[in-house]
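Reading the structure
What follows is the residue order along each chain.
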Amino acid sequence: MGEIGRSIPRVDAKDKVCGTAKYTEDLCPAYALTAKIYHAAIANGWVERIDIDDALAVPGVEAVFTCMDVPQLPFATAGHPWSTDPGHRDVADRLLLNRRVRCYGDDIAVVVATDEVAADRGLRAIRVEYREEPVAVTPEQAMEMAAQGGEPLHEAYADNILGRSQYQEGEWPADTEELTAAKGSYVCQAVQHCHLESAVSFAWQEGEKITVVSSTQIPHIVRRVVGQALGLPWSRIRVIKPYIGGGFGNKQDVLTEPLNAWLAQKLPGRTVKLCLSREEVFSATRIRHPITIDIETLADQQGNLVARSYNAVSCQGAYASHGHGIAANGMTAFRDMYRQSQALRQQALTVYCNVPAAGAMRGYGIPQETFATEANMDDLALALAMDPLELRRKNMMLPGFKDPVTGITCHSSGLEECLRKGEALIDWQAKRQAYAKQSGPLRRGVGMALFCYKTGVYPLSLETSSARMVLNQDGSAQLHLGATEIGQGGDTVFAQMAAEACGMRTEDIRVVSFQDTDVAPYDSGAYASRQTYVTGMAIQKTARLFGERLTGYAAGLCGMAPENLRVQGQHVVKQEDGQPVISLEELAQEAFYSLENSVHISAQTTNHCRSNTFAFGCSFVEIQVDMPLGQIRVLQAINLHDSGKLINPALAEAQVHGGMSMALGYGLSERMIFHPQSGKLLNGNLLDYKLATALDTPDLQAVFVETQDPTGPFGNKALGEPPALSLAPALRNALLHATGVKINSLPLEPQRLTAAFREAGLLEGGEDHV
């Protein structure tokens, strides 16, 4: 049919209600109650006493619940499929409200009122007495605190270490005299997702059923976690995900939903709204893991990698969330991207600390690993006096590579072509030479970095998805999925896939854009760049079956063999010459209303995915550095991607532009600042947190090298997260080229740059001395 590869406009532009709050305004009664959470004013300790009498006396306050009232049923919040093997389950270390305070802003009480004003007044009337413990905002402090006999953040982890991983192959060279070494400690900061729509949910109870409407990426997982948190059968929980406003991994965690569902249970017949403010999203949802990574690389004089070591320490924050999986995922990427001839040593630790819990964020540990790995590769190239691009070409993953732990195999790679195109577009050779020796206050540099990324989570976790197609009376088809549209254009791509597989037109596929766990087929949700790959397999399988049922019914009407018919556009046609036999509208009318053979044509299948594959790409940038101001101006930014066959090129380009924008902020300006003694977040708002704006963003260029991956349902592989991976290290490497100064911590903000320039003797008293 040729529906794959078309830049079809998004099907969600005009006729869909966007946002959980707007959806629920139409669904819920006007007498909805407002819930507001009371957050702890210490970072570590215990709630000793909590006085709510004055809060209950506030006009409009209906109820106040505290950490003393909630069920003591620990639950996990990470958006992973449930496992029947207890050893593969996420850490259950959360309660609905917490008497044991583990971070500044921890949830300890909740006020339910008739409106927001009354709820706010009720919060201000609550009085709390705490028993404080010493605060540890870094992994080093948390491990030292435990070693000195301090109270651990969680009893089950006496040393505050949530998880650790090790891997080794080969023997480290005993004689390194003939080898060149690059060694560095690379520091990645905490950042927030900053999705437009807040974390918000509505909940109510009718009979035994609790319904939760939520801005989430993972409705089926939310259903299960809410049931576990409340000690209820999962079937008594119904979760509805409307058309929401972004998530970027923050909403791959279960956030407000369990508490809100419990409030609905305590206040039956009332709808309860729980909508976090922007400040609460910063301090009381999830953040990206701050990780420090030490890397040593040894290479021979020709630039062949001989031995590599990787040691990562990840700050988990107060609760496990996605936990050690983030740091472990970074280890895997380090192992996969480059080859070494002799030895590989790896270790990673994840440590509980008194800061907000870190969870999934676009890239799942790979932005941190890629920054460290790609910075170290440029450091090695400098030590070898070798072109950084050629060093990577000599050592990067090639087709046929198989990860020794996961077994994931490189089935296809367009990485070499990405490098060739990027090299030409940035004019790499000419600019590397032209900018090699500069002086003066303004200097230019070019840099690059590359990445590899898995597609989905198999074999480390379950990958399963279902799809359902139903024939409508007008000859169109309804496509119902548990996979979620969160602003990335998923519904459009799902429609194209279904149309391609069954033979219909994309515009005749009606995608149900919200998920209701009572009726939607199961899917784990939107994360891990998995949906076009894993859900795509389920769609392809279902749509082919649906097409067979259409031709089978048509064959009965027309007296022909089903194998001699196929669906094409709005008709069933002859296989041999494409001549129409019957329109789909006529077929549907007959199928629904025939007095002799009424059949409601539908198809539903499940696909248990047992494959994975690598996507690849790279970033090339040109920058100008204002030395006295420590300011980087991005002159050119190019991302090049091998994501297999593109389903919708226009949406693919939009994905890349969005990821590049996030990576620019990660590289240049964004960081969460915590008070070193109190643990309080100091810049938890969109004024003080330096999120990149449109004025900070240069023209972004997205280039694709299309390959046909044999494992992808349509030759496709990961694209959702890869655009956010390699731009930050490319910026750092361009800065190294421009100034000769290695800056190994993000972001590359003016204060950090000018301090490094002064230390290198390039600035003194604000003047350039080179």
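Residues numbered from 1 in each chain as written. Predicted model: local features only at pLDDT ≥ 70, side-chain atom pairs only at ≥ 80, totals over all residues. Heavy atoms only, no water.

1. Observations concerning the packing of aromatic side chains
According to the stated counting rule, one finds nine aromatic pairs in the structure shown. Between F282 and Y689, the ring centres sit 5.1 Å apart and the planes meet at 65 degrees, which makes this aromatic pair edge-to-face. Here F282, found in helix α7 (residues 278-284), pairs with Y689, found in the loop between α16 (649-668) and β27 (700-704); they are 407 residues apart in sequence, far enough to count as distant. A relative accessible area of 1% places F282 in the buried class. Given the relative accessible area of 1%, Y689 is considered buried. An aromatic cluster of three or more residues is present, and its members are F401, F614 and F616. Sitting over the face of the ring of Y319, R94 holds its NZ or CZ atom 4.0 Å from the ring centroid. The residue whose ring lies beneath R288 is Y666, and the NZ or CZ to ring-centre distance is 4.5 Å. (Phe/Tyr/Trp six-rings, centres within 6.5 Å; stacked < 30°, edge-to-face > 60°. Helix = DSSP H or I, 4+ residues; strand = E, 2+ residues; numbered from the N terminus. Buried < 20%, exposed > 50% of the residue type's maximum accessible area, 1.4 Å probe, protein only. Lys NZ or Arg CZ within 6 Å of the ring centre and 35° of its normal.)

2. Things to note about the sheet that holds strand β6 (residues 127-132)
Strand order in the open sheet formed by three strands is β4-β2-β6, with antiparallel pairing between adjacent strands. This sheet does not close on itself; its edge strands, each paired only once, are β4 (100-101) and β6. (Pairing = 2+ DSSP bridges.)

3. Some points on the sheet that holds strand β18 (residues 477-481)
Pairing is mixed across the open sheet formed by four strands, whose spatial order is β19-β18-β17-β24. For this open sheet the edge positions go to β19 (509-511) and β24 (602-608), each flanked by a neighbour on one side alone. Mean inter-strand twist for the sheet, computed between neighbouring axes without regard to direction, equals 20 degrees. In the sheet, β18 pairs with β19 via three bridges, with the strands oriented parallel. Paired with A477 across the two strands is I509, which belongs to β19. The sheet strands contacting helix α14 (residues 531-558) are β17 (464-471), β18 and β24, and the helix crosses β24 at an angle near 150 degrees. (Axes fitted to C-alpha atoms, helices over the stretch in contact; angles between N-to-C directions. Contact = heavy atoms within 4.5 Å.)

4. Here we look at the packing of helix α8 (residues 325-337) against helix α9 (residues 366-384)
Interaxial distance between α8 and α9 falls to 8 Å at its minimum, and their mutual angle equals 40 degrees. Between α8 and α9, the angle falls in the class oblique. For the crossing formed where α8 meets α9, the hand is right-handed. In this structure, α8 uses I326, N329, G330, A333 and F334 to contact α9, whose residues at the interface are I366, Q368, E369 and T373. Looking at the contact of α8 with α9 residue by residue, the class counts come to four nonpolar, four polar and one charged. (Parallel < 35°, antiparallel > 145°, perpendicular 65-115°, else oblique. Left-handed = near helix turned anticlockwise from the far one by under 90°. Nonpolar A, V, L, I, M, F, W, Y, C, P; charged D, E, K, R; others polar.)

5. Some words on the pairing of strand β1 (residues 33-39)
When you tally the buried positions in β1, you get six out of seven residues, the bulk of the element. In this structure, β1 lies alongside strand β12 (residues 272-275), joined through three bridges in parallel fashion. Residue L33 lies in a different strand from β12, and its bridge partner there is V272. Sheet topology note: the β1/strand β5 (residues 107-113) ladder contains six bridges and is antiparallel. The residue of β5 that forms the bridge with K36 is V111.

6. Quick notes on the side chain of R732
As for its placement among the helices and strands, R732 is situated in helix α17 (residues 727-739). R732 sits in the buried class, given a relative accessible area of 0%. Engagement of the side chain of R732 in a polar contact is seen with the backbone oxygen of I743, the distance being 3.2 Å. Beyond its immediate chain neighbours, meaning those up to four positions away, R732 contacts Y186, F371, A375, D378, D379, K742, I743, N744 and L748. (Polar contact = N/O pair within 3.5 Å; in protein donor to acceptor, adjacent residues only side chain to side chain.)

7. Some details on the domain arrangement of the protein chain
Accessible area lost upon the coming together of the parts serves often as the stated size of an interface. Assigned domains of the protein chain: these are domain 1 (32-133), domain 2 (291-458 + 611-759) and domain 3 (459-608). Averaged C-alpha coordinates put domain 1 and domain 2 at centres separated by 38 Å. Counting residues at the interface gives 16 residues for domain 1 and 15 residues for domain 2. In terms of surface lost to domain 2, no three residues of domain 1 exceed D93, R102 and Y104, which account for 39% of the buried area on that side. Counting every contact that joins domain 1 to domain 2 gives zero salt bridges. (Domains from an automatic or database assignment. Buried area = accessible area lost by both parts, 1.4 Å probe. Salt bridge = Lys/Arg side-chain N within 4 Å of Asp/Glu carboxyl O.)

8. As for the pattern of salt bridges
Pairing is possible between side chains that carry opposite charge, provided their charged atoms lie close to one another. Tallied over the full model, the rule gives 34 salt bridges. Here D403 makes a salt bridge to R335, at a shortest N to O gap of 3.1 Å. Here R335 lies in helix α8 and D403 lies in the loop between α10 (388-395) and α11 (415-426), a separation of 68 residues in the sequence. R335 matches D403 in its accessibility class, with the two residues each being buried. The partner of E417 in a salt bridge is K421, and the shortest N-O contact between them spans 3.7 Å. Here E417 pairs with K421, and both are found in helix α11, just four residues apart, close to one helical turn. Exposure remark for K421: the relative accessible area of 32% places this residue in the partly exposed category.

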